[in-house]
Amino acid sequence: MKRILQLLTLFIFALPAFAQKTTTWSGDKTATGNSNNVALATAKWSQPHSICADGSGNIWVSDDDNHCIKLIKSYTVYTRVGCQLAPGTPGSWGYTNGLSSSAKFHTPRGIVADASNNIYVCDYMN
C-alpha cells in the first residue's frame with residue numbers, strides 16, 4: 001500500500017510538467033535564411049543548434065547551417081562570428097581561425113561561455 005501511495009504522489013506531482021506551453025521566440029520555420037542586426041521576432045535562422053548565456057546576460061546561438069555564431073542582445077540579433085554575408089543569404093562555410101567576420105566555421109554546434117565571457121564553439125565539420 002505504501003508503494004502505491006508513493007507512485008500516486010509521484011504521478012500527481014508530474015502532471016503539471018505536461019501542461020507547459022511552447023512559444024516561438026524568434027524566427028519562422030517557413031522562412032529560413034540568414035539575417036544580421038534585425039529584431040528578434042523577424043530574425044532568420046538556418047538550423048540553430050545550441051544556446052548559452054554569458055555573464056552579461058547576452059545570449060549566444062550557434063546557427064549551424066549558416067555557419068556562424070549569433071548574439072542576441074536587447075531583442076536584436078547580430079551575426080558576431082563566422083559568416084557576415086548580406087541578409088537573407090545563407091552562410092558560407094570554411095576553416096579559418098580569427099576574430100569576428102574573419103573566422104570561418106563549418107557547422108558550429110556546441111557553444112558555451114566561461115566566467116570571463118569567452119565563447120567556446122565546437123565546430124562539428126572541422
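Scope of this entry: the structure provided in the associated data block. Everything quoted here is computed from the prediction, not taken from an experiment.

## Side note on the overall build of the protein chain
Working step 1: When helices and strands are tallied, the protein chain shows one helix and seven strands.
Working step 2: Its helices and strands in sequence order give the protein chain the pattern α-β-β-β-β-β-β-β, from N to C terminus.
Working step 3: When burial is assessed residue by residue, the protein chain has 33% of its 126 residues classed as buried.
Working step 4: Long-range pairs, those at least 24 residues apart, make up 36% of the contacts in the protein chain between residues at least 6 apart in sequence.
Working step 5: Surface accessibility of the protein chain: about 8,300 Å² in total, with carbon and sulfur atoms responsible for 59%.

## Details of the sheet that holds strand β1 (residues 38-39)
Working step 1: Spatially, β1-β5-β4-β3-β2 is the arrangement adopted by the five strands of the open sheet, whose pairing is antiparallel. On the outer flanks of this sheet lie β1 and β2 (48-53), each paired with one strand and no other.
Working step 2: As paired strands, β1 and strand β5 (residues 76-82) are joined by two bridges and run antiparallel to one another. Looking at the pairing, alanine 39 lines up with threonine 76 of β5.

## Comments concerning the packing of aromatic side chains
Working step 1: According to the stated counting rule, one finds zero aromatic pairs in the structure shown.
Working step 2: Across the ring face of tryptophan 45, the terminal group of lysine 70 is positioned such that the distance to the ring centre comes to 5.0 Å.
Working step 3: Its guanidinium or amino end placed over the ring of tyrosine 124, arginine 109 lies 4.0 Å from that ring's centre, counting from NZ or CZ.

## Notes on the environment of valine 81
Working step 1: As for its placement among the helices and strands, valine 81 is situated in strand β5.
Working step 2: Valine 81 gets classed as partly exposed once you look at its relative accessible area, which sits at 22%.
Working step 3: Ignoring any residue separated from it by four or fewer positions in sequence, one finds valine 81 in contact with Cys68, Ile69, Ser100, Ala103 and Phe105.

## As for the environment of glycine 110
Working step 1: Within the secondary structure layout, glycine 110 lies in strand β6 (residues 108-113).
Working step 2: Along the backbone, glycine 110 and valine 61 are 49 residues apart, and their C-alpha atoms lie at a distance of 9.0 Å.
Working step 3: If sequence neighbours within four positions are ignored, glycine 110 has contacts with Ser50, Tyr120, Val121 and Cys122.

## Looking at the pattern of salt bridges
Working step 1: In total, this model carries two salt bridges according to the counting rule given.
Working step 2: In this structure, lysine 70 and aspartate 63 form a salt bridge, with 3.4 Å as the shortest nitrogen-oxygen distance.
Working step 3: When the shortest N-O distance is used, the salt bridge between arginine 109 and aspartate 64 registers 3.1 Å. On the criterion of sequence distance, the pair formed by arginine 109 in strand β6 and aspartate 64 in the loop between β3 (59-63) and β4 (68-73) is long-range, its members being 45 residues apart.
Working step 4: Judged by its relative accessible area of 25%, arginine 109 falls in the partly exposed class.
Working step 5: On the basis of relative accessibility, which here comes to 2%, the residue aspartate 64 falls in the buried class.

So, how was this worked out
- Residues numbered from 1 in each chain as written.
- Predicted model: local features only at pLDDT ≥ 70, side-chain atom pairs only at ≥ 80, totals over all residues.
- Heavy atoms only, no water.
- Helix = DSSP H or I, 4+ residues; strand = E, 2+ residues; numbered from the N terminus.
- Buried < 20%, exposed > 50% of the residue type's maximum accessible area, 1.4 Å probe, protein only.
- Contact = heavy atoms within 4.5 Å.
- Areas by Shrake-Rupley, 256 points an atom, 1.4 Å probe, with all protein chains shown as cover.
- Pairing = 2+ DSSP bridges.
- Phe/Tyr/Trp six-rings, centres within 6.5 Å; stacked < 30°, edge-to-face > 60°.
- Lys NZ or Arg CZ within 6 Å of the ring centre and 35° of its normal.
- Salt bridge = Lys/Arg side-chain N within 4 Å of Asp/Glu carboxyl O.

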